[in-house]
Structure formats: C-alpha cells, structure tokens
Amino acid sequence: MNRPLLALLCGLPTVLACEDETVLPDLPDWSDGYESDCCPGEQGTDTGTEPPIDLVDFALVAPDDLDYDVRIHQTGATGNACALTPGATVDEYVQMDCTLEVAELNLFGEGLIFDLTVPEGSCEHVVWMHYMYEAWEVGTGPDVVAITVDEDGEIVSETNAYGGEPYCDYNYSYWDVDAPNCCLGSYIVEVTDLATGQTEVDGGGDWGGEASDCYAGAAFEDPEVVLTADGWPTARIENLHGVEFYKRFDFDLLGDQYATNVNYANYYDPADHDGSVPAGYTGEWAVPTYRFVCYDTAEEPLARIDLVVREWNEESEYEAGGDPDTEGTESTTGLPLNDRQDWADATPGDSTWIQAAQ
Amino acid sequence: MNHRLAAWAPFVALVGAGCNPVAADLVELSIAGGATVDVDTICDDPCLGDDVTAEISFEEHIAVDVEATIELRQYKVEYSFDAVDPAPEYFADTLAVSVTNGQVASFVVDLAAASQREYVDDVMDGELATGTATLTFAGYDFRDELIELTVDVPILFGRYDDSDAGTGTEVTL
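Throughout what follows, the structure given in this document is the object of discussion. Here the structure is a predicted model, which is why all the values come from computation and not from measurement. (Residues numbered from 1 in each chain as written. Chains lettered and ligands numbered in written order. Predicted model: local features only at pLDDT ≥ 70, side-chain atom pairs only at ≥ 80, totals over all residues. Heavy atoms only, no water.)

Section: the interface of chain B and chain A
Listed per partner, the contact involves 48 residues of chain B and 38 residues of chain A. Buried surface at the junction of chain B and chain A, summed over both partners, amounts to about 3100 Å²; 56% is from carbon and sulfur atoms. Among the residues of chain B in contact with chain A, Gln74, Tyr90 and Tyr140 of chain B are the three that bury the most area, contributing 16% of the side total. Summed over the shared surface of chain B and chain A, the result is six residue pairs in polar contact (both at pLDDT 80 or more). Listed by contribution, the elements that provide at least two residues to the side of chain B that touches chain A are strand E4 (69–81), strand E5 (91–100), strand E6 (104–109), helix H3 (114–124), strand E7 (129–140) and strand E8 (146–158) of chain B. Counting residues per element, the side of chain B that touches chain A draws most heavily on E5 of chain B, at six residues. For the side of chain B that touches chain A, the per-class residue count stands at 21 nonpolar, 14 polar and 13 charged. (Contact = heavy atoms within 4.5 Å. Buried area = accessible area lost by both parts, 1.4 Å probe. Polar contact = N/O pair within 3.5 Å; in protein donor to acceptor, adjacent residues only side chain to side chain. Helix = DSSP H or I, 4+ residues; strand = E, 2+ residues; numbered from the N terminus. Nonpolar A, V, L, I, M, F, W, Y, C, P; charged D, E, K, R; others polar.)

Here's the deal with the sheet that holds strand E3 (residues 83–84) of chain A
Residues and elements named next belong to chain A. Strand order in the open sheet formed by four strands is E3-E1-E5-E19, and the pairing between neighbours is antiparallel. Looking along the sheet, the strands with just one partner apiece sit at the ends: E3 and strand E19 (245–251). Pairing of strand E1 (residues 58–61) with E3 involves two bridges; the strand directions are antiparallel. Bridge pairing links Ala59 to Ala83 in E3. (Pairing = 2+ DSSP bridges.)

Some details on the nonpolar core
One finds Phe58, Phe114, Leu116, Tyr290, Phe292 and Leu307 of chain A to be the most contacted residues of the largest nonpolar core, which totals 67 residues. Leaving out residues up to four positions away in the same chain, Leu307 of chain A has contacts with Leu60, Ile72, Cys98, Thr99, Leu100, Phe114, Asn266, Thr289, Tyr290 and Phe292 of chain A. Formed by 44 residues, the second largest nonpolar core is a distinct cluster that contains Ile70, Val109, Ala112 and Ala133 of chain B. (Core = buried A, V, L, I, M, F, W, Y, C linked by side-chain atoms within 4.5 Å. Buried < 20%, exposed > 50% of the residue type's maximum accessible area, 1.4 Å probe, protein only.)

Spelled out as structure tokens, the structure:
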C-alpha cells in the first residue's frame, strides 16, 4: 500500500473516534461578510458554493464553463459518462476507470480542471488522492563504504566512495546541486590500513535521502496539498455523512515550472514501455491514477473512480477523436506535432527515469 | 528574593512556557509568500485576488501530541486604505483546513468579493488603491479551544488588464 494513503487510513480511526460529546465553543459570527458573488462584471456565473451541475451520480465531470474543451468519459467507452451509483453496501461496490481528454497546450497553459459530484445519500466519506510518480529513482545505499590507505595514509582504493567521501548512486545532488538525494539507509566506513593490515570501522552515517523529494506529479501541484512532516502529499477526506457534495479541482498551469505535461498527464500506452509501465510508476510510493473513493462509515468502499489524464498532440485529432499521439512535423512550420512530452516520449521503455526532464 | 522560590523559578518557567504551549505560538501563517496581492476591481471569474495561496505551519513541539491538529473553519478580511475612507465592509468565508503537529498545509483564500471590488473601484474611479488586508482566521486548537490567528497582507486594488488576469506568469514555449 502506498505510504500517503496508508497514513490517511491509519489516521481514520482517530478521525472517526472523534464523535464524542466534546462541545466546541461557538465560532465568531462573521456571516455578515459572506458573499458568493466573487466578481464585478461577471455574467451570471455562480462561483459560490452552489454546484453548477446536478449531483445525481458519483462522477467526474468536465466543466462546461471553461473557455476550452475537455472531455471525460469511461475509459474505452467515449460515449459513457464517468459516473457511478455507489453501492448501498460494500457487497455492491462499483469501480470505473475514466479518462480525461485535453489538448496538450490547453493542459500545459491552462492547467487541469474537473469537477467531482457526490449525490445525496450515497457516501459517508469521500477520500481522494492525486497522481504522483517517482521522478528520480529512489534506492537504498550500500551498507559499507570501504577505503584502503597505504602507509602514508593515502587512499589506494575505495568502494562506494569518491576521494574518501561516501558515494551513493541514488544521491543525484553529487552532480547537480538542484537534484535531490534519493539515497536511503545508512552505512559504516571501513578503513583498511595496508601498513598494519588491519581493517577498522571508522564512523558511518545516514545516506540522507528523502524519498518524497524524488517524487512529482499532480499530488504535489494540488493548490490544497497537505504535506506530511517528511514531505508526502496526504490523501484528503471529506466527511459527508450522506450529504451531497460538489468540488472543483483546479490545478494551475504547468508552463511556468515544467517543460512537459507529465506532471498531470498520467496516461501511458504499455506498447511505449516494453509492454510494461513507465519506470516512474514502479516506485514504491507511486500513485498512477487520480483516485476518488466513496466509503461507508467503516471505510468499506462503495464506489471508486480511477482517472487518467490524456493529452492530445493535434487539435484536429482531438476533435475527431482520432490518435492522441500523432508524431511528425507540421506541414507549414516544420515544428513537431508533439510539442509537450507525455510518458510515451519522455521515458520510453520501462527503465528510464524522467528526472530533471519533466 | 526568597532563595527557595528562586530555585524553583526555572521549573515554573518551563511549565509555563514550554510544557503547556499555546497553539498560536506554534503556528505561522503566510499569504502569497508575503508579497503584495493584486486585487482586480473589474473582472470576470477568475479575478485577481481570488484563490490566493496561503500556508499554515504547525511547529512541532515535544509537549504536543504528534496527532494534535489545528483546524481553521472560517476567515474574514478587513481592509485599510490610505485613499479609501471609510474602508469597504469586511469579507468572510468558511474554510476547512487542518494541520497536524509538525506539518505544513497550503490552501487558498479569496481576498475580496464583488462588493469590496466595486466599492473600491467607485471610490477610486478606477485608480490604484494601496492598502492592507487583515485576515483573521478562526478555528479550533488541539485542545478544542477557539483560536484566532491574524495576518496582514499588502494589497493593491485596481483595474487590471484581462490578458494579465489569473497568473502573470511566464510560459516556456
């Protein structure tokens, strides 16, 4: 089980146990300041807490008030909405894979926006966790750093060290100060003195890596992200107890920080990855889909949606529902059709890590 | 000074200041990283001044349970301007933010609604107005006691070009 979700689930008993008789003091009454009308000049768009759509399904919906087109449908069935009726009990649990389709520059320049709806009487709790991947391979460093010195104290050979300094392949900051240290575990330093022929332990330490520094993706870009003390995005819970619910997820544009769309676009074709998955999805804490789970009071799932975001290289193909991954060049400019890399071209095969190329 | 009392003084101070920490002393709030926030007075959604990033950090403390949580339930925004007097009425909204001992949580707030934007625009006749927004957050600390936290944010109300609305950010193409 991935670590952030585990952290949330472990915390759920505490959340649920809070239904004691504690009476909280009243909050100050600031209701005079409440106003749902956000913007002068606005033309009838309700941006308050009133949902702009009917809450009839447990569903992910493409907003119809955007300035550009986005489609969400059941994966493999473009005519089917991404919508479920949660089971009344866990025995009636239902799950659906869904795909959000968006043209590549809309995703890169506008960001990622979609709506979640939960109908009345369906879910006691809703938990969601956004997608994230291992951008830099995380690994455990060697246990032993071995250094051999001659009678003058000069290093004549070393293992897992450079110039006497412990070295771990997973600490990328050795070569790039902006890159993370993804080396976990600890080591001891064994020094062999050729003059005496003796080997002694001469200290050691922690490799110092932080796995969360090596991950990226929508979970980290969420404007409402809550990080654990060690830097992991947490799954989020909405305690509904049967009340209907609407939420818009609005991730900022990628274009001011990244060169590719992979931070949001989690779609991949196994054919592009040796029949497997991108290397970044094999990380221990990777969450390959955007997950939305409807629970009963005891954390038994009643419904779940797994969302994949797919970006399209050509507007004409997007509109025709053709090929999202067209390659080649534009006939007029000679520039590539594929302007923003997705997983297919960012990390082909199953062993390439995207690292700083994202 | 009574020597016996003097000998106890450090312990008393420890109990008073260290072992019974006040939530407000362990929390830091920042809005937009402390930068001046532009607030558009003539705009369609999204407006500058909406969805401003806020961050709350809960400093880890040995005397506070590791699962202790501080919750923010609502906030209000009060205004002061040099050139807008009286200032517009305050804006308020509900919130659902929680942060656990040792954690940092980010969230978004709106610094104004339509009435504040329109009011400043009318008074200033579209000119820029420099001021301060004082945000007061109310919620509950880890003892379920009411907590109020306040932070000041420099603001600049004005009519901003729609083409700049929303981000003001650079895109690498």
